[in-house]
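# Structural characterization, general
Read off the chains here:
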Amino acid sequence: MHLRPHSQMCTSDGQPDPNIQETAPENRGNSKTYSTLYALQLRDFIDAADDTDVDPDTIEDLLEGFEDGEEELLGNDLDEDLDSGSLAVPAHGQPEHSAIEESGDLDDLDMETEVIEQLKREDEAWSKEEIRKMMHHLKERGMSSFVREYVVTQNIPIVKLLFAFGISLCPELRSKQPQTMLYFLRVAMTKQLHLREKLLQYNTVADAVSLIRASKRVVVLTGAGISVSCGIPDFRSHNGLYAMLKERGTYDLDDPQQMFDIHYFRENPAVFYSFASQIYPSNFTPSPCHRFIKAIEDRGKLLRNYTQNIDTLETLTGITRVLQCHGSFATATCIQCRRRIPGTEIEKDIMEHRVPLCTVCIEAKKEAEEARRAAFKKKAKKRGRKEWEEDSDEEDDEIPVGVMKPDITFFGEKLADDFEHALEDDRDKVDLLIVIGTSLKVSPVSEILSHLPHSVPQILINKTPVRHINPDIVLLGNADDIVQYLCEQLSWELPPPAGKRLEVPSLGTLVKRTSGEMMGTAEPVRVAKSHAWLFEGAEGGKWVQDIEERFLEQDTESESSAIQGRVPNLGPEAKKLRVG
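Let me sum up the structure you'll find in this document. Since the structure is predicted, the reported quantities are computational estimates derived from the model, not experimental observations.

So, on to the packing of helix H14 (residues 288-298) against helix H20 (residues 479-490). Look at H14 against H20: their axes get within 8 Å of each other, and the N-to-C directions meet at 35 degrees. The two elements H14 and H20 meet at a crossing, and its hand is left-handed. On H20, the residues that touch Pro288, Cys289 and Phe292 of H14 are Ala479, Asp480, Val483, Gln484, Leu486 and Cys487. In the contact of H14 with H20, the residues fall into seven nonpolar, one polar and one charged.

A word on the nonpolar core. Within the largest apolar cluster, 39 residues are counted, with the highest numbers of intra-cluster contacts made by Trp126, Leu169, Phe184 and Leu185. Contributions of two or more residues to this core are made by helix H1 (36-47), helix H6 (128-153), helix H7 (158-164) and helix H9 (178-193). The leading source of residues in this core is H6, at nine residues. If sequence neighbours within four positions are ignored, Trp126 has contacts with Ile131, Met134, Ile156, Lys160, Leu161, Phe163 and Ala164. Val209, Ile434, Val483 and Leu486 belong to the second-largest nonpolar core, a separate cluster that totals 33 residues.

Once that is clear, we can look at the sheet that holds strand S10 (residues 458-462). Taken together, eight strands build an open sheet; the order of strands is S5-S4-S3-S9-S10-S11-S13-S12 and the sheet is mixed. Strands with a single pairing partner mark the edges of an open sheet, and in this sheet they are strand S5 (322-324) and strand S12 (525-526). Where S10 meets strand S11 (residues 473-476), four bridges bridge the pair, whose relative direction is parallel. When the sheet's bridge partners are listed, Ile459 is paired in S11 with Ile473. Against the sheet, helix H18 (residues 417-426) engages strand S4 (302-307) and S5, with an angle of about 145 degrees to S4.

This part is about the sheet that holds strand S6 (residues 327-334). Spatial ordering of the open sheet is given by S7-S6-S8, a layout of three strands whose pairing is antiparallel. Where the open sheet ends on each side, the last strands, each with one partner, are strand S7 (340-342) and strand S8 (404-408). Strand-to-strand twist across the sheet, computed as the mean angle between neighbouring axes with direction ignored, equals 40 degrees.

Glancing now at H9. With 16 residues, H9 ought to run about 22 Å at 1.5 Å a step, and its terminal C-alpha atoms sit 22 Å apart, in line with that. Among all positions in H9, only Thr180, Met181, Tyr183, Phe184, Leu185, Val187, Ala188, Met189, Thr190, Gln192 and Leu193 are buried. Those residues of H9 hidden inside the fold are in contact with H1, helix H2 (56-62), H6, H7, helix H8 (171-174) and helix H19 (448-451).

It is possible for side chains of opposite charge to pair when their charged atoms get near one another. A full pass over the atoms with the stated rule returns 14 salt bridges. Between Asp426 and Arg304 there is a salt bridge, and its shortest N-O distance comes to 2.7 Å. Taken together, the residues span a long stretch of sequence, with Asp426 in helix H18 and Arg304 in strand S4 at a distance of 122 residues. Owing to a relative accessible area of 0%, Asp426 belongs among the buried residues under this scheme. Between Glu413 and Lys405 there is a salt bridge whose closest N-O contact spans 3.2 Å. Residue classification places Glu413 among the partly exposed residues on the basis of a relative accessible area of 29%. A network of salt bridges, in which partner residues are shared, links Asp349, Glu352 and Arg354.

Conventions and cut-offs
- Residues numbered from 1 in each chain as written.
- Predicted model: local features only at pLDDT ≥ 70, side-chain atom pairs only at ≥ 80, totals over all residues.
- Heavy atoms only, no water.
- Axes fitted to C-alpha atoms, helices over the stretch in contact; angles between N-to-C directions.
- Helix = DSSP H or I, 4+ residues; strand = E, 2+ residues; numbered from the N terminus.
- Left-handed = near helix turned anticlockwise from the far one by under 90°.
- Contact = heavy atoms within 4.5 Å.
- Nonpolar A, V, L, I, M, F, W, Y, C, P; charged D, E, K, R; others polar.
- Core = buried A, V, L, I, M, F, W, Y, C linked by side-chain atoms within 4.5 Å.
- Buried < 20%, exposed > 50% of the residue type's maximum accessible area, 1.4 Å probe, protein only.
- Pairing = 2+ DSSP bridges.
- Expected span 1.5 Å × (residues − 1).
- Salt bridge = Lys/Arg side-chain N within 4 Å of Asp/Glu carboxyl O.

Set out below in structure tokens:
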């Protein structure tokens, strides 16, 4: 977030200083002035809408005062300032030498002094202890609780609250509507919640086993990676669904993600239905990962399984405490009349690559057409016209027929309210988070890690690292192998899917086998002395190399310090030599 450029501030009465505004070039039409800080902060808050939900009224309030076409000021002429970073200073700290000082313009020294004084005043708005308590409240109890406590109960102005986050709003933004001010605060809170610190006491596979054994309210967040071994491709890997769509080039798509874009679906549903059979959950068998979640539930430990998958394999496994965040093929809804039906009613159309239509809408169309024909005949008879002339003067209004859409959440659609309600309910109960088989690229499910209490331990099980999160224990490799290893350490037996008896190896025996005997692979390998462990199939890449190099440097520094600090007992003369 761009905060306050100390060379571009306001006057002592809080009004924008006319000496620090930039004038839009004459070729842009009206000669209006905007402070550079205003434009910078405005652009930052608009960009933040990618991570923080914002309603159209707030965007309109943000852009109030800009004429048509002037919004381009936010995206074009400020790049050089943004890249240079010369306009950003922290709200809690002394400014560096400003452009005024560097230019030696003595006429502006008064303004520079005022800038420093305002920095000091805002730096004193909160003590370090107050800020620590506020950030702890936010990370442990969430944004809603933070707003209730500090905005509603304590009635602290949002402008002042933002100082605690290191943000000093420019004068133009301090006078925005209350809802917009709340958006500013949510942006600041979201950025802070993304800065989770690792819990240093958890690092090993044994720690992961102990956490699972001791926890009573586990949240499991799963993605496409747990269904890959079932024959269902994931989305974003190098050989996943999007790569496959791009490589084939048989679909008229500018971007593979258009296949799941609601606007594209409404325009051309045939493209989706020419492909949907490949991801339809027909004859797939649940994976060990699905059964691992069921094992957690069978022991009364599962608080909830948040799944991003649409294959319903969790249900087939018998998991009951599951929330399908992105919907599923279990039901389908008409995009015209909103009638909902069981997904099995459109299964034949899906498998035969046909666009399924709403039978109610079709019947309504037939009745409407019959009524219209009857009306035309009646008019034609009164006017003495031939029946074949009946619609020559009438407008042929096509009655739309609804397309049935599986109740999976497409890009451009909002998640069901169940997701937010469940997350709000679970955040005060969860005592362990396990993330399996997901790159966490799709919002808002990707935000779950940020919005659960930061003191709750996090375990990541995935083929590749997820670089934008900071879990406590990272287990990289084939997820099925990893959960089977964990079950072996826990002395758990993986259950079969509900209603089926699978021929799976029994894992819970009295005599404990080694992981090599169980998986046919070696024991997991620890990356240096870190929290990361490599199992069969791990794709750590540069992330693993960086960890190894970092720990190698630390070991080298430690050895060097130990050598320098080692004092042989050579007597007083040796000590004199060292001192000299």
